[in-house]
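# Architecture and fold: a report
Here is how the chains run, residue by residue.
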Amino acid sequence: MYGVIFDFLREYVTQRHGGEETWKALLAATGNPHRVYFPVKEYPDQEIVDLAGSAAEALDLPLADVLEDFGSYVGPRLISFYKVFFTGDGWNTFDVIEIAGSRIHDVIHRHNPTRKPPDLSAHRESDDLLVVHYHSHRRLCPVVRGIIRGLGEKYGERFAIEETQCMHQGADECVMRVQRLH
Ligand code: HEM
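Residues numbered from 1 in each chain as written. Predicted model: local features only at pLDDT ≥ 70, side-chain atom pairs only at ≥ 80, totals over all residues.

## As for the UniProt feature "domain: 4-vinyl reductase 4VR" (unreviewed entry) in the chain
According to UniProt, the "domain: 4-vinyl reductase 4VR" (unreviewed entry) feature falls on residues 120-180. Taken end to end, residues 120-180 is 25% helix and 48% strand, and its two terminal C-alpha atoms sit 19 Å from one another. (UniProt positions renumbered as here; feature names shortened; annotations may be inferred. Helix = DSSP H or I, 4+ residues; strand = E, 2+ residues; numbered from the N terminus.)

This is the structure in structure tokens:
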């Protein structure tokens, strides 16, 4: 996984969970006390799993809750970090999910043959209902849910998200029905 995501995790931990000291403690707990993550370098997936697991343990929360909260932080950060994709006004959450699925994950670092971006796609069943399909060997559907929630906060939208099938329950992909609430 790219360092940019690890660096967002560092920001998330320092902003929402106790500052640099907490981050240093997590690095130490996962056996990499001096680790610095560079955005365009790749790091083992296991490291982010270990860091998130240690954070969940330290906060005494289920891992899925921590991943979802992290996702809610990451959604708006992705928009500001990769603002080149989001020129102009009028974006909303569904637009962002659609372009992430159809274009963004595909074009970022395309030159790197070892990268494994998530497989994300979405279609609108109606103006207010988007059906999202997610497949990745990382099985980070709580992050997907959080990103949707975080984007909603950014764009002033609220959603009811129903996950109708999940890789953690043996499905070959996760499917989420995302209903915009008025
Ligand atoms: C806003 C524009 C977005 C950008 C620029 C972006 C970019 C990225 C990048 C660079 C990675 C790391 C991939 C790797 O290391 O191979 C990533 C991972 C990920 N992205 Fe996005 N993303 C965006 C939107 C979204 C959206 C809308 C969702 C879901 C609703 C999403 C879900 C994920 C997930 C779950 C991962 C973790 C890796 C995995 O599950 O395999 N992203 N994204």
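The discussion continues.
## Topic: the nonpolar core
Residues L9, A52, F70, I97, V132, V144 and I148 are the most contacted members of the largest nonpolar core, which totals 37 residues. Secondary structure elements with two or more residues in this core: helix 1 (3-16), helix 2 (19-29), helix 3 (45-59), helix 4 (63-81), helix 5 (93-107), strand 2 (129-135), helix 6 (141-155) and strand 4 (174-181). Counting residues domain by domain, this core receives three or more from each of domain 1 (3-61) and domain 2 (87-181). I97 has contacts with A122, L130, V132 and I148, leaving out every residue within four places of it along the chain. (Core = buried A, V, L, I, M, F, W, Y, C linked by C-beta atoms within 7 Å. Buried ≥ 20, exposed ≤ 12 C-beta atoms within 10 Å, placed from the backbone. Domains from an automatic or database assignment. Contact = placed C-beta atoms within 7 Å.)

## Examining the domain arrangement of the chain
In terms of domains, the chain is made up of domain 1 (3-61) and domain 2 (87-181). Summarising the inter-unit geometry, the C-alpha centres of domain 1 and domain 2 are found 23 Å apart.

## Let's talk about helix 3
Helix length check: helix 3, at 15 residues, gives a terminal C-alpha distance of 21 Å against a target of 21 Å (1.5 Å per residue), a fit within 8%. If you check which residues of helix 3 are buried, you get I48, L51, A52 and A55. Along the axis of helix 3, the buried residues cluster in a sector spanning 95°; they form a single face. The positive-phi residue at the C-terminal boundary of helix 3 is D60, with phi of around 60°. (Expected span 1.5 Å × (residues − 1). Arc of directions from axis to C-beta.)

## What to know about the sheet that holds strand 3 (residues 158-165)
Strand order in the open sheet formed by four strands is 1-2-4-3, with antiparallel pairing between adjacent strands. At either end of the open sheet lies a strand with only one pairing partner, and these are strand 1 (119-126) and strand 3. Pairs of neighbouring strands in the sheet enclose a mean axial angle of 20°, with direction left out of account. Where strand 3 lies against strand 4, seven bridges are found, and the strand directions are antiparallel. Bridged to I161 within strand 4 is V178. Contacting strand 1 and strand 2, helix 5 crosses the sheet at an angle of about 140° to strand 1. Relative to strand 3, helix 6 is tilted by about 160°, and along the sheet it contacts strand 2, strand 3 and strand 4. (Pairing = 2+ DSSP bridges. Axes fitted to C-alpha atoms, helices over the stretch in contact; angles between N-to-C directions.)

## Details of the packing of helix 3 against helix 4
The geometry of helix 3 relative to helix 4 is characterised by a closest axis approach of 9 Å and an angle of 110° between their N-to-C directions. In this view, helix 3 runs roughly perpendicular relative to helix 4, as classed from their interaxial angle. Remark: the crossing between helix 3 and helix 4 carries right-handed chirality. Only L63, V66, L67 and F70 of helix 4 make contact with helix 3, whose side of the interface consists of A52, G53, A55, A56 and L59. In terms of residue class, the contact of helix 3 with helix 4 is built from eight nonpolar, one polar and no charged. (Parallel < 35°, antiparallel > 145°, perpendicular 65-115°, else oblique. Left-handed = near helix turned anticlockwise from the far one by under 90°. Nonpolar A, V, L, I, M, F, W, Y, C, P; charged D, E, K, R; others polar.)

## Regarding the pairing of strand 1
As defined by bridge partners, strand 1 adjoins strand 2 across seven bridges and the pair is classed as antiparallel. Across the sheet, D119 pairs through a bridge with H135, a residue of strand 2. Between strand 1 and strand 2, which pair antiparallel and follow one another directly, the connecting turn spans two residues.

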